[in-house]
Amino acid sequence: MASQEREGTAEKPQKQGPRTVTVEQPEAPAVAEAPKEERLRIDVKLLDQTRDVVERRRRVEALMANAEKRKPKVKDAIYRRVIGDYQRQLHALVGEYSPLRDQVLGQLREVRSCELELRRQSEAVSDELEEIRFRCEIGEFEKKELEQFERDKSAAVKGLSERLEVADKTYAAARELLGTEVEPALSEAPAKPAVSRQRTAVMATPAVPQAADSKAPPPAAPVPAAAPPPPPTATAVMPQQRAVAPPELFFCLRRQPPAPELVVALERRKILLGRSATCDVSLSGASVSRRHAVVDFIDGQYWLEDLSSGGGVSVNGERVEKRALVAGDMIEIAGTTFEFEVVAPS
């Protein structure tokens, strides 16, 4: 009788409740490891020191501009002496400014690296939200589970956005001090590798009745969802901009009569003069070399250099190989004369 009861019991299929879908939330180490705010700022003391030097430099440049405006009212020797004094002060300030600038740019590159990492993390969180919404839409789990996930990720997005705002303020402060010297430094910042993320989901399977005397197969292993590709590692390249003279002061070469007038703005960049069409200033004449001379901005001063030309270069009637230029210098190249000018903006 007991045997019959066991047989009767064995014939009854076991009822199994519906299997619920369990979705493990994606790990989010990227958010947990987001750079702290102090790594998104430049040292305050360093900024103050740099700002002091920049303000003193702008003051000297403004004095040079005022001297240029009043040049006709004084003797040429007095004007040259005053301008020469200001240029020496400017040279000394450049010596103070250069190491401070290098430190600021070094810290700025680190800020840029952190900013790129934050943007990758923000993109990763957006991808997670998009994927989990899609899974909910196709019926993998209930909407209330989605709402909880969205609340968690919204908090993460807010934290990342606040840190990105700190980075933007740091860039603004640096541009105010260093001008266009900031952009090349930002484009040089190394990109950190993307943070890998793993997702695991248990897919729903229909409940199948099984007899007690039948050999039940081992439960199927969870089927991992296909992991989305990691966010692309992109190094944002900021537009390269050449350094320009500060707005308080402009330097230029003005070609003198009888040749047609030509004004060449120097803008703290290298200017090539010669017969070649690739030169910044193209000159004609049998004694003009293809690359005859160059005007370059070095350590806070403009320098004129003869590029081993056949016709030579003269400044104020004296043959030179290389020479620092002073406002009012007359440069002669193979019969063409230029005046080195300091021009105040109108």
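Residues numbered from 1 in each chain as written. Predicted model: local features only at pLDDT ≥ 70, side-chain atom pairs only at ≥ 80, totals over all residues. Heavy atoms only, no water.

**Details of the overall build of the protein chain**
(1) Moving on: Secondary structure assignment for the protein chain yields 6 helices and 13 strands.
(2) Moving on: Across the 346 residues that make up the protein chain, the buried fraction comes to 38%.
(3) Moving on: A fraction of 63% describes how many contacts in the protein chain between residues 6 or more apart in sequence connect residues 24 or more apart.
(4) Moving on: Total accessible area computed for the protein chain in this model is approximately 20200 Å², and 53% of it derives from carbon and sulfur atoms. (Helix = DSSP H or I, 4+ residues; strand = E, 2+ residues; numbered from the N terminus. Buried < 20%, exposed > 50% of the residue type's maximum accessible area, 1.4 Å probe, protein only. Contact = heavy atoms within 4.5 Å. Areas by Shrake-Rupley, 256 points an atom, 1.4 Å probe, with all protein chains shown as cover.)

**Topic: the sheet that holds strand β7 (residues 293-298)**
(1) Moving on: Taken in spatial order, the 5 strands of this open sheet run β6-β5-β7-β8-β11, and their pairing is mixed. The two strands at the open ends of the sheet, each matched to only one other strand, are β6 (281-282) and β11 (322-324).
(2) Moving on: Bridging between β7 and strand β8 (residues 301-306) involves 6 bridges; their strand directions are antiparallel. Its bridge partner being in β8, Phe297 is matched across the sheet by Tyr302. (Pairing = 2+ DSSP bridges.)

**Some remarks on the pattern of salt bridges**
Here the idea is simple: oppositely charged side chains can pair when their charged atoms come close.
(1) Moving on: If you walk through the whole model with that rule in mind, you get 20 salt bridges.
(2) Moving on: Ionic pairing is found between Glu61 and Arg57, a salt bridge with its closest N-O pair at 3.9 Å. Placement of the pair is Glu61 and Arg57 together in helix α3 (residues 44-69), with a separation of 4 residues, close to one helical turn.
(3) Moving on: What makes Arg57 buried here is its relative accessible area of 10%.
(4) Moving on: Salt-bridge contacts for Arg80 lead to Asp329; the nearest nitrogen and oxygen are separated by 3.4 Å. (Salt bridge = Lys/Arg side-chain N within 4 Å of Asp/Glu carboxyl O.)

**Things to note about the nonpolar core**
(1) Moving on: Of all hydrophobic cores here, the largest spans 57 residues; its most connected members are Leu253, Leu273, Val295 and Ile331.
(2) Moving on: Per-element accounting of this core gives the leading share, 14 residues, to helix α4 (residues 76-137).
(3) Moving on: Setting aside anything within four residues of it in sequence, one finds Ile331 in contact with Leu253, Leu304, Val313, Ser314, Val315, Leu325, Thr336, Thr337, Phe338 and Phe340.
(4) Moving on: Counting 6 residues, the second largest nonpolar core, distinct from the first, contains Leu129, Phe141, Leu146 and Phe149. (Core = buried A, V, L, I, M, F, W, Y, C linked by side-chain atoms within 4.5 Å.)

**A short note on the packing of α4 against helix α5 (residues 143-178)**
(1) Moving on: Running from N to C, α4 and α5 point in directions that differ by 160°, and their axes come no closer than 9 Å. As the angle between them shows, α4 and α5 are arranged roughly antiparallel. Once α4 is placed against α5, the crossing between them reads as left-handed.
(2) Moving on: In terms of residue class, the contact of α4 with α5 is made up of 19 nonpolar, 3 polar and 11 charged. (Axes fitted to C-alpha atoms, helices over the stretch in contact; angles between N-to-C directions. Parallel < 35°, antiparallel > 145°, perpendicular 65-115°, else oblique. Left-handed = near helix turned anticlockwise from the far one by under 90°. Nonpolar A, V, L, I, M, F, W, Y, C, P; charged D, E, K, R; others polar.)

**Considering the confidence of the model for the protein chain**
(1) Moving on: On average, the protein chain scores 74 in pLDDT, and the residues at 70 or more come to 69%.
(2) Moving on: Least confident of the elements in the protein chain is strand β2 (residues 201-202), whose mean pLDDT is 36; most confident is strand β9 (residues 313-315), at 93.
(3) Moving on: Here residues 1-10 scores under 50 on pLDDT; set against residues more than four positions off or in separate chains, the count is 3 contacts.
(4) Moving on: Low pLDDT, under 50, characterises residues 191-214; the stretch is placed with 59 contacts to residues that sit more than four places away or in other chains. (pLDDT = per-residue confidence, 0-100.)

**What to know about a nonpolar patch on the surface**
(1) Moving on: Taken together, the side chains of Val74, Ile78 and Val82 define a hydrophobic patch exposed on the protein surface, amounting to about 190 Å² of accessible area.
(2) Moving on: By the secondary structure assignment, Ile78 is in helix α4.
(3) Moving on: On the basis of relative accessibility, which here comes to 35%, the residue Ile78 falls in the partly exposed class. (Patch = residues over 30% accessible without salt bridge, like charges linked within 9 Å, V, L, I, M, F, W, Y side chains within 5 Å.)

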